[in-house]
Amino acid sequence: MTQTAAEADIPTAVIATGGTIAMLADPASGVRRPTLSGATLAAAIRGLEVPLAHFQPYAIGSEDATFAHWLQLAREIAAVADAHAGVVVMHGTDTMEEAAYFMAECLPDAPISFCGAMRPPGTLGYDGGRNLLDAITVARSPLAPRLGTVVVMNHEVLPAWDVIKSDSVALSSFSTRHGTRIATVHDRQLRPLSLPLRFNWLGELPAVLPRADAVAYVRLTGSPGPRRFADAIAGAEGVVVEALGAGSVPAAVRAQLLGAAAQVPVVLSGRALSGPLQDEESYPHAWDDLLGGGVILEKRLDGPRARIRLSLCLALGREYRPLEADLI
Ligand code: DGL
């Protein structure tokens with residue numbers, strides 16, 4: 001996609017936050033730490049001639065990222081997005097999908113391209129340079145405003161609401177729960193593959209920090225322990241439960257779930273990777289007691305994203321509504 005001369009001169013904001021993409025081994029201990037800056041990583045990309053502006057709010061392994069980090073990142077993006085030709089965030093891959101979702105909810109009008117690396121710098125198959133170059137291509141594309149926040153890894157452009165790190169080590173680790181591939185990037189060209197969607201994002205930054213302990217998140221298993229389940233959700237300001245199958249909740253914990261729903265928002269997601277979260281045709285009335293008791297069916301998001309949405313709703317003082325979409 002070509003750009004006008006003016007656009008070609010506007011720098012893309014590259015925000016580095018750490019992660020494997022920037023990790024070097026400490027000379028003394030050999031432990032890898034996020035060391036390289038965005039400028040150093042970009043300078044190593046042969047033939048990258050576009051102007052970049054670099055920012056570094058923090059440098060951590062993303063397993064240590066907190067709501068405070070993501071709120072700080074969102075505020076930094078909000079401050080720089082309008083003055084730049086797109087925003088790229090370099091982030092650790094372990095929580096990249098959650099960080100991207102947090103940004104999508106808070107900043108739906110700021111197109112943000114997340115990227116990272118599955119292999120550290122200096123090792124065989126290091127993929128950080130390729131992913132950074134592709135993320136910059138997406139961020140500078142005229143289509144970027146219609147893509148919203150995306151993850152750009154291994155040539156794939158994947159939506160923040162659906163992307164998952166599905167393999168612990170593979171370069172092709174990032175995929176989506178519902179098979180929603182927005183585009184691919186090859187030879188610095190963005191190739192759209194599907195129609196963009198419009199979502200009922202929350203669309204605001206909370207003035208107060210969402211509390212990490214506010215929402216209890218439970219992924220149900222067969223034979224759940226009723227007392228363990230009750231302990232896990234006790235005292236929460238909100239509850240997210242990943243149910244089995246199309247939304248099956250074992251009888252052993254149904255009463256505890258309904259008890260919580262009488263006190264706080266309870267959101268039922270599903271642990272299956274795709275498919276509907278209700279199947280009245282096959283199981284008529286199977287959800288009547290839960291819906292009657294105020295349990296909210298979240299049909300698109302997995303548990304971790306529903307937790308982020310509910311945590312933001314609590315911080316914003318807003319009622320939780322399931323994420324919904326329609327074609328733009
Ligand atoms: N420490 C992990 C993280 O920052 C490494 C994984 C990665 O960045 O690829 O998410």
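Remember, predicted model here, so these are calculated numbers, not experimental data.

Engineer: Quick rundown of the pattern of salt bridges? Include the residues and the values.
Structural biologist: One side chain can pair with another of opposite charge once the charged atoms of both are near each other. Applying the stated criterion across every chain, the model contains 12 salt bridges. Measuring nitrogen to oxygen at the nearest pair gives 2.7 Å for the salt bridge that ties R181 to E156. Of this pair, R181 sits in the loop between β10 (174-176) and β11 (183-186) while E156 is found in strand β8 (residues 156-159), placing the two residues 25 residues apart along the sequence. Linking R211 and E237 is a salt bridge whose minimum nitrogen-to-oxygen distance equals 2.5 Å. Placement of R211 in the loop between β13 (197-199) and β14 (215-219) and of E237 in the loop between α7 (226-233) and β15 (238-243) is noted, with a sequence separation of 26 residues between them. Note on R211: relative accessible area 44%, which makes it partly exposed. Judged by its relative accessible area of 35%, E237 falls in the partly exposed class.

Engineer: Which residues make up empty space enclosed by the protein, and what values do they have?
Structural biologist: Summed over all chains, the structure comprises two cavities of 30 Å³ or more. Approximately 90 Å³ is the volume found for the largest cavity. Around the largest cavity sit 14 residues that line it, and R177, G270, A272, G275 and K299 are the ones nearest its centre. The calculated volume of the second largest cavity comes to roughly 40 Å³. Along its surface, the second largest cavity is lined by G86, V87, P111, I112, S113, V138, A139, A144, L147, G148 and V150. Taken together, the residues that form the lining of the second largest cavity break down as eight nonpolar, three polar and no charged.

Engineer: Tell me about unusual backbone geometry, and please be specific about residues and values.
Structural biologist: Within the chain, D187 stands out as a residue other than glycine whose phi angle is a positive 50°. Within the fold, D187 resides in the loop between β11 and β12 (189-192). Of the residues examined, D187 reaches a relative accessible area of 66% and is grouped as exposed. Here R188, not a glycine, exhibits a phi torsion of approximately 60°, which is positive. By the element assignment, R188 lies in the loop between β11 and β12.

Engineer: Before we move on, can you summarise the packing of α7 against helix α8 (residues 251-261) with the specific residues and values?
Structural biologist: Their axes nearest at 9 Å, the elements α7 and α8 cross at an angle of 20°. Taken together, the axis directions place α7 and α8 in an arrangement best described as roughly parallel. Crossing handedness for the pair α7 and α8: right-handed. Residues P226, F229, A230 and I233 of α7 form the contact with α8, whose own contacting residues are A252, V253, Q256, L257 and A260. Looking at the contact of α7 with α8 residue by residue, the classes come out as eight nonpolar, one polar and no charged.

Engineer: Talk me through the side chain of D127; I want residue IDs and the actual numbers.
Structural biologist: On the secondary structure map, D127 appears in the loop between β6 (112-115) and α5 (128-140). Of the side chains bearing the opposite charge, R119 lies closest to the buried D127, which forms no salt bridge; the N-O distance is 6.1 Å. Sequence-distant contacts of D127, defined by excluding residues within four places in its chain, comprise G116, A117, M118, R119, M153 and L171.

Engineer: Tell me about the sheet that holds strand β17 (residues 296-297), residues and numbers included.
Structural biologist: The strands making up a sheet are joined through hydrogen bonds of the backbone, oriented either antiparallel or parallel. Taking strand neighbours across the sheet as the criterion, the four strands line up as β14-β15-β16-β17 in an open arrangement whose pairing is parallel. The sheet is open, and its two borders are formed by β14 and β17, each paired with just one other strand. Strands β14 and β15 of the sheet are contacted by α7, whose axis makes an angle of about 150° with β14.

Engineer: Before we move on, can you summarise the layout of surface pockets with the specific residues and values?
Structural biologist: There is about 430 Å³ of room inside the largest pocket. Lining the largest pocket are 23 residues, with R146, L147, G148, L197 and F199 sitting closest to its centre. Looking at the lining of the largest pocket, the elements with two or more residues in it are α6 (144-147) and β13.

Engineer: Tell me about the sheet that holds β6, residues and numbers included.
Structural biologist: Taking strand neighbours across the sheet as the criterion, the eight strands line up as β4-β1-β5-β6-β7-β8-β11-β12 in an open arrangement whose pairing is mixed. Each edge of the open sheet carries a strand with a single partner, namely β4 (52-55) and β12. On average, each strand axis in the sheet is inclined to that of its neighbour by 25°, with strand direction left out of account. As judged from the four bridges shared by strand β1 (residues 12-16) and strand β5 (residues 87-90), these two strands associate in the parallel manner. Paired with A13 across the bridge in β5 is V87. Set on the sheet, helix α3 (residues 67-80) makes contact with β1, β4, β5 and β6; between it and β1 the angle comes to about 165°.

The rules behind the values
Residues numbered from 1 in each chain as written. Predicted model: local features only at pLDDT ≥ 70, side-chain atom pairs only at ≥ 80, totals over all residues. Heavy atoms only, no water. Salt bridge = Lys/Arg side-chain N within 4 Å of Asp/Glu carboxyl O. Helix = DSSP H or I, 4+ residues; strand = E, 2+ residues; numbered from the N terminus. Buried < 20%, exposed > 50% of the residue type's maximum accessible area, 1.4 Å probe, protein only. 1 Å grid on protein atoms, 1.4 Å probe; cavity = no way out; pocket = protein on both sides within 12 Å on 5 of 7 lines; lining within 4 Å. Points joined across faces, edges and corners; volume = space filled by probe spheres on them. Nonpolar A, V, L, I, M, F, W, Y, C, P; charged D, E, K, R; others polar. Axes fitted to C-alpha atoms, helices over the stretch in contact; angles between N-to-C directions. Parallel < 35°, antiparallel > 145°, perpendicular 65-115°, else oblique. Left-handed = near helix turned anticlockwise from the far one by under 90°. Contact = heavy atoms within 4.5 Å. Lys, Arg positive; Asp, Glu negative; His and termini not counted. Pairing = 2+ DSSP bridges.

Functional significance is not addressed by these values, which are geometric in nature.
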